[in-house]
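Take a look at the letters that make up each chain.
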Amino acid sequence: MNPTGDSSGPSQPSMGRGTPVNHGAAHVSRLIGLDGAERPPESDCVLSSRIRLARNLLGFNFVNRATPQMLADVVHRVQAARLGGPFSDGVRWVNVQTTTPADRLQLFERNFISRPFVEASHPRAVAISSDESASVMVNEEDHLRLQMLAPGLQLRPLAERMFAFDAELERGLEFAFHPRFGYLTACPTNVGTGIRVSAMLHLPALSLMQELDKVQRAAKDLHLAVRGFHGEGTDALGDFFQVSNQVTLGRSEQDIVDEFTRSIVPQFIDYERAARDELCARDAATIDDRVFRALGILRSCRLLSLDEAIKFLARVRLGVTLGRITDVSLSLIDRMLVEVQPAHLARATGCPLGNGRDDRAARADFVRRTLH
Amino acid sequence: MERLCDCCSNPAVVHETIVTNGVKAEVHLCAEHAAERGYILPSATGPSLVVGKLLQKAQAAAGRTQKTCSGCGGTMQSIREAGLAGCPLCYRQFEEELGALINRAQGGASVHVGRHPAHAADLVDRAALRNRLAKELREAVGREEYERAAKIRDRLQALDGSATEALGVLDGNGGGGGGDGDGGETAAEEGGRGA
């Protein structure tokens, strides 16, 4: 395995992060990091950006009150429409109702689908763009959940692409809309723009300084939802926190995106960077010990649970972004955060899915080989 | 110290302070007794406690109406239980009840601002006009210009909603009518660009 992260990795398909994305005017940019590797903007503190739009088709009951036949019709209707936008270069449709549990889990680990979408049993499907930057869940809580993902803080270009995609999609599909409530969603608290803007933050220094309570309070004051590594109901594994807007009515999509980019996310970034500076100035040896010890464990372990893998990879990530660890690239660590998860691991190594001890041995083996 | 349920010795998971005619009373219930009394507790896929409670209040405010949605056959009761509306027409059928809920959940906002589908451009324009006229009506009444107010009222009535309904939209947002009026106009302008 190439430690610079240039290899496409043992699992397939490759992550969207490895492919520069450029669709029309909305250019998703990349920067060069201290280690010479390409780095997305603000990636020292922001793992990824995501924008989601909820849409429902006029003339159909919402998913929770639709018959299986209606839901199958919704899938057909969306599949027959021209998706356009990021899907212009190719689209992969997965019938989530009939695909294997391992495939469903892998789609979840890749953030293409949500946990409830994995576990449901009704007719549903997901479309994934060929560059893997965009997906459309059909028949999640709403008929359509359009989603775009990018590494680092790239909400503005994502929003531009999303709005163009939405406008193109609307030529083939009629969305439910109310002049007062805006786009109608199954959950009454999502109406309006139906937009969910989120950033996955990496805040290890604030965690070390036990400042996370303040972060949570700040997020609450800003009317943000805070979730863990895998979205709703999950822990802040590895000190990753997903913050997203809760207000969807009375403010335009552009306003919400601008506020996130200009004000909200930078506040968290500044806070985290100040904490990192302080920790390094106060006791650099402790930070070095923490990040290099984590790297040592990952390079030597023989049994590795998922939680441990995320925890130690997150510490190594801190070491890489601080410029202390220089022989591992940020893109490799970010890719490994996905590839150590059960379904990816099972596909890459052939070990049975979710089999405790074998799973841990396979993960340790995979991590050791990848980091050497 | 852990609070116990008012009805048994299990730990309470629902805590509520109810003020009736200025008299404050606290309620503490375990999951079982909370469910018995109609509280909806959060679950992985179910409705949140907040949504359930807000829906309950919205329903109580509407006098426990048992209207049925012409689109999906749903009622406020079914929406409350699922924490989800049944179809787009529910929002028309239960506009008042859902409007109250949405207003609370969205921090006081009650009118959409932003993108809209091309097919809804007329609706958005009409809503913006109605908001603007309603604002002018309130101003005219405030200045005791009753002749002008009557003309504005006639124009409002000529639109698809009544003057009362339009004012209701404005009142729902609180903090003065200007925000709503401006919001509606912004939506209409964006619609023009997007169409």
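Predicted model, so just to flag it, every value in this text is computed and none were measured. (Residues numbered from 1 in each chain as written. Chains lettered and ligands numbered in written order. Predicted model: local features only at pLDDT ≥ 70, side-chain atom pairs only at ≥ 80, totals over all residues. Heavy atoms only, no water.)

Concerning the confidence of the model for chain B
Residue and element names in this part refer to chain B. Basically, it comes down to this: Each residue gets a pLDDT score, which is the predictor's confidence in that residue and runs from 0 to 100. Each helix is a run of H or I in the DSSP string that is no shorter than four residues. Each strand is a run of E no shorter than two, and both are numbered from the N terminus. Contacts were defined at the residue level, with two residues in contact if any of their heavy atoms lie within 4.5 Å.
Mean pLDDT over chain B works out to 70, with 61% of the residues at or above the 70 mark. Taking the mean pLDDT of every element in chain B, the minimum, 30, falls on helix α9 (residues 178-194) and the maximum, 94, on helix α4 (residues 90-93). Ignoring residues within four places in sequence, the model shows residues 43-47, a span with pLDDT below 50, making seven contacts including any to other chains.

Details of the pattern of salt bridges
Residues and elements named next belong to chain A. Worth spelling out the cut-off: By convention in these notes, a salt bridge is any Lys or Arg side-chain nitrogen within 4 Å of a carboxyl oxygen on Asp or Glu. Buried, partly exposed and exposed residues are distinguished by accessible area as a fraction of the type maximum, computed with a 1.4 Å probe on protein chains only: under 20%, between the cut-offs, and over 50%, respectively.
Overall, the coordinates contain 32 salt bridges over all chains when judged by the stated rule. D365 is paired through a salt bridge with R369; the nearest N and O atoms lie 3.6 Å apart. With D365 and R369 both in helix α11 (residues 356-371), this residue pair falls four residues apart, about one helical turn. The exposure class assigned to R369 is partly exposed, which follows from its relative accessible area of 48%. Salt bridges sharing common partners tie together E140, E141, D142 and R145.

A closer look at the packing of helix α10 (residues 342-349) of chain A against α11(A)
Residue and element names in this part refer to chain A. Spelled out, the test is: Angles shown run from 0 to 180 degrees and are taken between the N-to-C directions of axes, each axis being a line fitted to C-alpha atoms and, for helices, limited to the stretch in contact. Here roughly perpendicular refers to angles of 65 to 115 degrees, roughly parallel to angles under 35, roughly antiparallel to angles over 145, and oblique to all remaining angles. Think of it as three bins: nonpolar holds Ala, Val, Leu, Ile, Met, Phe, Trp, Tyr, Cys and Pro, charged holds Asp, Glu, Lys and Arg, and polar takes everything else, Gly as well.
One can describe the packing of α10 onto α11 by two numbers: an axis separation of 10 Å at closest approach and a directional angle of 75°. Classed by the angle they form, the pair α10 and α11 counts as roughly perpendicular. Contacts between α10 and α11 involve P342, L345 and T349 from the former and D359, A362, R363 and F366 from the latter. Residue composition of the contact of α10 with α11, by class: four nonpolar, one polar and two charged.

Remarks on helix α9 (residues 330-339) of chain A
Since the α-helix turns once every 3.6 residues, residues separated by three or four places project in the same direction. Of all ten residues that make up α9(A), nine are buried, and the element is covered over most of its length. All of the buried residues along α9(A) are L330(A), L332(A), I333(A), D334(A), R335(A), M336(A), L337(A), V338(A) and E339(A).

Regarding the pairing of strand β8 (residues 134-138) of chain A
Residue and element names in this part refer to chain A. What counts here: Strands are labelled as partners when DSSP assigns at least two bridges between them.
Most of β8 is tucked away, with five of its five residues classed as buried. Pairing analysis gives four bridges linking strand β7 (residues 125-129) to β8, with the strands arranged antiparallel. Note that in β8 the partner of A125 across the bridge is V138. The turn joining β7 and β8, which pair antiparallel and follow one another in sequence, is formed by four residues; a positive phi near 65° is taken by E132. The hairpin formed by β8 and strand β9 (residues 144-151) contains five residues between the paired strands, and N139 there has a positive phi angle of roughly 75°.

Some details on the environment of R138(B)
Residues and elements named next belong to chain B. Inspection of the secondary structure assignment puts R138 in helix α6 (residues 121-142). Note on R138: relative accessible area 35%, which makes it partly exposed. Along the sequence, R138 and A149 sit eleven residues apart, while their C-alpha atoms lie 8.0 Å from each other.

What about the sheet that holds β9(A)?
Residues and elements named next belong to chain A. With respect to topology, eight strands assemble into an open sheet ordered β6-β7-β8-β9-β5-β12-β14-β13, the strand pairing being antiparallel. Every interior strand has two partners, whereas the edge strands, β6 (91-95) and β13 (224-227), have only one. Looking at each pair of strands side by side, their axes are set apart by 20° on average, direction ignored. Direction of pairing for strand β12 (residues 195-202) relative to strand β14 (residues 240-245): antiparallel, over a ladder of five bridges. Its bridge partner lying in β14, M200 is registered against Q242.

Quick notes on the confidence of the model for chain A
For chain A, per-residue confidence averages 87 on the pLDDT scale, and 88% of positions sit at 70 or higher. In this model, residues 1-34 of chain A is a region of pLDDT below 50 whose contacts with residues beyond four sequence positions or in other chains number 90 contacts.

Looking at the packing of aromatic side chains
For any pair of aromatic rings, geometry is given as the distance between the ring centres together with the angle between the planes. We apply this condition: Stacked, tilted and edge-to-face are the three classes assigned to paired rings of Phe, Tyr and Trp, where Trp is represented by its six-membered ring and a pair needs centres within 6.5 Å; plane angles under 30 degrees give stacked, over 60 edge-to-face, the rest tilted. Counting as a charge over the ring demands two things of the Lys NZ or Arg CZ atom: a distance within 6 Å of the ring centre and an angle within 35 degrees of the ring normal.
The tally for this structure, following the rule as stated, stands at four aromatic pairs over all chains. Measuring from ring centre to ring centre gives 5.2 Å for F87(A) and F165(A), while their planes differ by 35°; the resulting arrangement is tilted. Placement of the pair is F87(A) in the loop between α1 (68-80) and β6 and F165(A) in helix α4 (residues 155-169), with a sequence separation of 78 residues. For F165(A), a relative accessible area of 1% corresponds to the buried category. Taken together, the ring pairs connect F62(A), F181(A) and Y91(B) into an aromatic cluster. Its end group placed over the ring of Y183(A), R55(A) keeps NZ or CZ at 3.4 Å from the ring centre.

A few points about the interface of chain A and chain B
Rules: Note: buried area is the sum, over both parts, of the accessible area (probe 1.4 Å) each one loses when the two are combined. Distance and chemistry together define a polar contact, namely a pair of N or O atoms within 3.5 Å, with one atom able to donate a hydrogen and the other to accept it when in protein, and with adjacent residues in sequence counting only for side-chain atoms on both sides.
Contact residues are listed per partner, giving 41 residues for chain A and 40 residues for chain B. A combined buried area of about 3,400 Å² lies between chain A and chain B, and 63% of that area is made up of carbon and sulfur atoms. R115(B) is the partner of D166(A) in a salt bridge, and the nearest nitrogen-oxygen pair spans 3.2 Å. Where chain A packs against chain B, one counts 15 residue pairs in polar contact (both at pLDDT 80 or more). Residue assignment for the side of chain A that touches chain B shows that the elements contributing at least two residues are α4, β10 (177-178) and β11 (182-183) of chain A. With three residues, the single largest contributor to the side of chain A that touches chain B is α4(A). Partitioning the side of chain A that touches chain B into residue classes produces 20 nonpolar, 13 polar and eight charged.

Remarks on α11(A)
All names here are of chain A. The condition is simple: A helix is expected to reach a length of 1.5 Å times the quantity of its residues less one.
With 16 residues, α11 extends 23 Å from end C-alpha to end C-alpha; this agrees with the ideal 22 Å at 1.5 Å per step. If you check which residues of α11 are buried, you get D359, A362, R363, A364, F366, V367, R368, T370 and L371. In this structure, the buried residues of α11 make contact with α7 (253-300), α8 (306-321), α9 and α10.

Points about the state of the cysteines
Residue and element names in this part refer to chain B. To keep it simple, the criterion reads: By definition, disulfides here are pairs of cysteine sulfur atoms that lie within 2.5 Å.
Per the stated rule, a full pass over the model turns up zero disulfides over all chains. Cysteine C8 is unpaired, with the sulfur of C30 as its nearest cysteine sulfur at 3.7 Å. Since its relative accessible area comes to 25%, C8 is described here as partly exposed.

With respect to the pairing of β9(A)
All names here are of chain A. Along β9, eight of the eight residues are buried, which leaves the element largely enclosed by surrounding structure. With burial as the criterion, each face of β9 is covered, one bearing L144, L146, M148 and A150 and the other bearing R145, Q147, L149 and P151. Here strand β5 (residues 46-55) runs beside β9; their pairing, made up of eight bridges, is antiparallel. Bridge pairing links A54 to R145 in β9. Note that β8 and β9 share five bridges and pair antiparallel. Looking at the pairing, S135 lines up with Q147 of β9.

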